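Residue strings, one per chain:
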Amino acid sequence: MNDKGILIILSGFAGSGKGTIISELLKKYDNYVLSVSATTRPAREGEVDGKHYFFKTEDEFKEMIANGELLEYANYVGNYYGTPRQFVKEQLAAGRDVILEIETEGALNIKREYPDAVLIFVMPPSVEEIHNRLKMRGTETDEVIRKRMIKAGVEITVVDRYDYLMINDVLSESVELFNSIVMCQHMAVSRNRDYINAKKQEFEEYLNNTKEN
Ligand code: 5GP
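In this report, we go over the structure that sits alongside the text. This is a predicted model, so every value here is computed, not measured. (Residues numbered from 1 in each chain as written. Predicted model: local features only at pLDDT ≥ 70, side-chain atom pairs only at ≥ 80, totals over all residues. Heavy atoms only, no water.)

**A word on the overall build of the protein**
- Scanning the protein from N- to C-terminus turns up eight helices and nine strands.
- Principal-axis analysis of the C-alpha atoms gives the protein an extent of 80 × 40 × 30 Å.
- Across the 213 residues of the protein, 41% fall into the buried class.
- Considering only contacts within the protein whose residues lie at least 6 apart along the sequence, 68% involve residues at least 24 apart.
- Of the roughly 12200 Å² of accessible surface on the protein, a fraction of 52% belongs to carbon and sulfur atoms. (Helix = DSSP H or I, 4+ residues; strand = E, 2+ residues; numbered from the N terminus. Buried < 20%, exposed > 50% of the residue type's maximum accessible area, 1.4 Å probe, protein only. Contact = heavy atoms within 4.5 Å. Areas by Shrake-Rupley, 256 points an atom, 1.4 Å probe, with all protein chains shown as cover.)

Here it is, written out as structure tokens:
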């Protein structure tokens, strides 16, 4: 079978629980790696540079753009966020399934450049739940929460351009659903043309060799 990794994009409203799905997935399965983004957003308490994000000044971020170091980038609620290109390229070539946890604008830009990328959108069970989760997290002011809710209202308008929708109600189920989507993608005929052609060839050789007997 094709041994190249799959590029998976997970988007979802702030408070959808996408970060938790990914951290559980990484604990359970070893075929996945998470791309660490660069951002100009200030670090939240407990966030570690190089682990949660590469925290950059606006000038540093713009230099990364100018040097072509980013696969995609977008502005989200006043801050820049972008995906470092090199890591993704290397990991896919090494056969790892690479997860990008990014917002919708960046996701759709990637899909244009990499039609093979799999886009998954995760939603909480209800709109109130989004607000509650953001409030409970306690990391944002009411003003920022409001902006993120407005952004969620915009993001929902592009969900129909995604490949899969997941409702994140029970965490363990969401983790398994995510993994099932990716495993099915590995088996897609469109990703295994070379393998199929090699098997056709093998059959031809077998039949040729046994023809005389
Ligand atoms: P947060 O500030 O809550 O960590 O992230 C805000 C939003 O930015 C989330 O929707 C997150 O998925 C998105 N995001 C994080 N990294 C990237 C990135 O590299 N590119 C894009 N386009 N969005 C990102």
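On we go from here.
**Overview of the side chain of Gln185**
- One can find Gln185 in helix H7 (residues 171–186).
- Reaching out from Gln185, the side chain makes a polar contact with the side chain of Tyr164 at a distance of 3.1 Å.
- With sequence-adjacent residues up to four places away left out, Gln185 is seen in contact with Ile6, Val118, Tyr164 and Arg191. (Polar contact = N/O pair within 3.5 Å; in protein donor to acceptor, adjacent residues only side chain to side chain.)

**Looking at a negative patch on the surface**
- Taken together, the side chains of Asp59, Glu60, Glu63 and Glu69 define an acidic patch exposed on the protein surface.
- Inspection of the secondary structure puts Glu60 in helix H2 (residues 58–66).
- Overall, the relative accessible area of 39% leaves Glu60 in the partly exposed class. (Patch = residues over 30% accessible without salt bridge, like charges linked within 9 Å, V, L, I, M, F, W, Y side chains within 5 Å. Salt bridge = Lys/Arg side-chain N within 4 Å of Asp/Glu carboxyl O. Lys, Arg positive; Asp, Glu negative; His and termini not counted. Charge placed at Lys NZ, Arg CZ, Asp CG, Glu CD.)

**Thoughts on the layout of surface pockets**
- Volume-wise, the largest pocket comes out at about 1300 Å³.
- Along the wall of the largest pocket there are 42 residues; nearest its centre are Gly19, Arg44, Glu47, Tyr53 and Glu101.
- Those elements that place two or more of their residues in the lining of the largest pocket are helix H1 (18–28), strand E5 (70–76), strand E6 (79–84), helix H5 (127–137) and helix H6 (142–155).
- Ranked by the residues each element gives to the lining of the largest pocket, the list is headed by H1, at six residues.
- The class makeup of the residues in the lining of the largest pocket is 15 nonpolar, 14 polar and 13 charged.
- Contributing to the lining of the second largest pocket are Asn2, Lys4, Gly5, Ile6, Leu7, Leu92, Tyr114, Asp116, Ala117, His186, Ser190 and Arg191. (1 Å grid on protein atoms, 1.4 Å probe; cavity = no way out; pocket = protein on both sides within 12 Å on 5 of 7 lines; lining within 4 Å. Points joined across faces, edges and corners; volume = space filled by probe spheres on them. Nonpolar A, V, L, I, M, F, W, Y, C, P; charged D, E, K, R; others polar.)

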